[in-house]
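Survey of secondary and tertiary structure
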Amino acid sequence: MSVANSPLVKTAIAGEDANWGRVVMAVGKAGEPANRDRLSISFNGIRVAHRARAIRPMTRARSRRR
């Protein structure tokens, strides 16, 4: 609930800005132990970060081939 109620996360969602760094910050501020190197983040089913690394967005050309 701490992450979901975080102003950082709310800004990322309401502003339609998939800034996964804001989610990482909210996780860090939650006060629970978390391993940053094992964290994966998805927005609306689209993974944007996995194991502390950004996932390169697919281009339109690549997405049409799949």
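The following paragraphs examine the structure supplied in this document. (Residues numbered from 1 in each chain as written. Predicted model: local features only at pLDDT ≥ 70, side-chain atom pairs only at ≥ 80, totals over all residues. Heavy atoms only, no water.)

Attention now moves to the pairing of strand 2 (residues 46–50). Where strand 1 (residues 40–43) and strand 2 come together, 4 bridges link them in antiparallel fashion. Residue pairing across strands places Ser-42 opposite Arg-47, the latter belonging to strand 2. Here strand 1 folds back onto strand 2 in antiparallel fashion, the turn holding 2 residues, of which Asn-44 has a positive phi close to 50 degrees. Bridge count between strand 2 and strand 3 (residues 53–54): 2 bridges; the pairing is antiparallel. Paired with Ala-49 across the strands is Ala-54, a residue of strand 3. The loop that links strand 2 with its antiparallel partner strand 3 comprises 2 residues; one of these, Arg-51, has a positive phi angle of about 55 degrees. (Pairing = 2+ DSSP bridges. Helix = DSSP H or I, 4+ residues; strand = E, 2+ residues; numbered from the N terminus.)

We now examine the nonpolar core. Residues Val-9, Val-23, Ala-26, Val-27, Ile-41, Phe-43, Val-48 and Ala-49 constitute the largest nonpolar core, which totals 8 residues. Listing elements by their share of this core, those giving two or more residues are helix 2 (20–29), strand 1 and strand 2. For this core, the leading source of residues is helix 2, giving 3 residues. With near-sequence residues (within four places) excluded, Val-27 lies in contact with Val-3 and Ala-34. (Core = buried A, V, L, I, M, F, W, Y, C linked by side-chain atoms within 4.5 Å. Buried < 20%, exposed > 50% of the residue type's maximum accessible area, 1.4 Å probe, protein only. Contact = heavy atoms within 4.5 Å.)

Where helix 1 (residues 7–14) contacts helix 2, the two axes come as close as 8 Å, and the packing angle between them is 160 degrees. The angle between the axes of helix 1 and helix 2 places the two elements in the roughly antiparallel class. The two elements helix 1 and helix 2 meet at a crossing, and its hand is left-handed. For the pair formed by helix 1 and helix 2, the contact residues are Leu-8, Val-9, Thr-11 and Ala-12 on the first element and Arg-22, Val-23, Met-25, Ala-26 and Lys-29 on the second. Of the residues assigned to the contact of helix 1 with helix 2, the class counts are 6 nonpolar, 1 polar and 2 charged. (Axes fitted to C-alpha atoms, helices over the stretch in contact; angles between N-to-C directions. Parallel < 35°, antiparallel > 145°, perpendicular 65-115°, else oblique. Left-handed = near helix turned anticlockwise from the far one by under 90°. Nonpolar A, V, L, I, M, F, W, Y, C, P; charged D, E, K, R; others polar.)

In this section: helix 2. Inspection of helix 2 places Val-23, Ala-26 and Val-27 among the buried residues, and these make up the whole buried set. What you see down the axis of helix 2 is that its buried residues fit within an arc of 100 degrees, all on one side. Exposed residues on helix 2 whose side chains face more than 90 degrees from its buried face are Gly-28 and Lys-29. Residues of helix 2 that are buried in the fold lie against helix 1 and strand 1. Backbone geometry just after helix 2 places Gly-31 at a positive phi near 85 degrees. (Arc of directions from axis to C-beta.)

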